[in-house]
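As a plain string of letters, each chain reads:
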Amino acid sequence: LSAKKEFEASLRYKSDCQKCHEYAKRSEEIYKDIHYKRGISYFGKEQLADAIKEWELIHDIDPGYKEVEKNINKAKTLLKRLEEIRKAQEQQ
């Protein structure tokens, strides 16, 4: 996102810079794609807390991106269930 911020800063000097608008948008899309894929990877490895963190980075700037909100809720539900199972096993 720092690249996006730099392109947006350049728009203060030349607001009609089409390339700057395009690059800012592209930077944000790359950021969201990278973190979305990291979240998927963590989820696949059952690293649910890490997956949630990755997806929340996206959710903060674009809650409607792909299925990020659904994925966060699913991961949180699974994480909660795993914690309940661990606690139940500890009590036995």
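Look up: the structure comes first, before these words.
Attention in this report is confined to the structure presented alongside it. For every chain, the first residue of the written sequence is number 1, and numbering continues from 1 onward in sequence order. Since the coordinates come from a predicted model, pLDDT governs what is reported: local features require at least 70, and pairs of side-chain atoms require 80 or more to be given and counted, while whole-chain, interface and lining totals use all residues. Hydrogens and water are ignored here; the side-chain numbers use all heavy atoms of the structure.

### Some details on the packing of aromatic side chains
Reasoning step 1: Note on aromatic pairs: the rings of Phe, Tyr and Trp (six-membered ring only in Trp) are paired at centre separations within 6.5 Å, and the planes decide the class, stacked below 30 degrees, edge-to-face beyond 60, tilted for the rest. Enumeration according to the criterion identifies 3 aromatic pairs in this entry.
Reasoning step 2: Summarising the aromatic geometry, the rings of tyrosine 36 and tryptophan 55 are spaced 6.5 Å apart at their centres and angled 45° between planes, so their arrangement reads as tilted. Residue tyrosine 36 is found in helix α2 (residues 18-44), and its partner tryptophan 55 is found in helix α3 (residues 48-61); the two are separated by 19 residues along the sequence.
Reasoning step 3: A residue is classified by how much of its surface remains accessible, and tyrosine 36, at 12% relative accessible area, is buried.
Reasoning step 4: Classification of residues uses two cut-offs on accessible area relative to the type maximum, computed with a 1.4 Å probe and protein chains only: under 20% is buried, over 50% is exposed, and between them is partly exposed. Tryptophan 55 gets classed as buried once you look at its relative accessible area, which sits at 1%.
Reasoning step 5: When the centroid spacing of 6.0 Å and the interplanar angle of 40° are considered together, the rings of phenylalanine 43 and tryptophan 55 count as tilted. One end of the pair, phenylalanine 43, is in helix α2; the other, tryptophan 55, is in helix α3, and 12 residues separate them in sequence. Working definition: helices are DSSP H or I runs of at least four residues, strands are E runs of at least two. Numbering for both runs from the N terminus.

So far we have only geometry, and geometry alone does not tell us how the molecule works.
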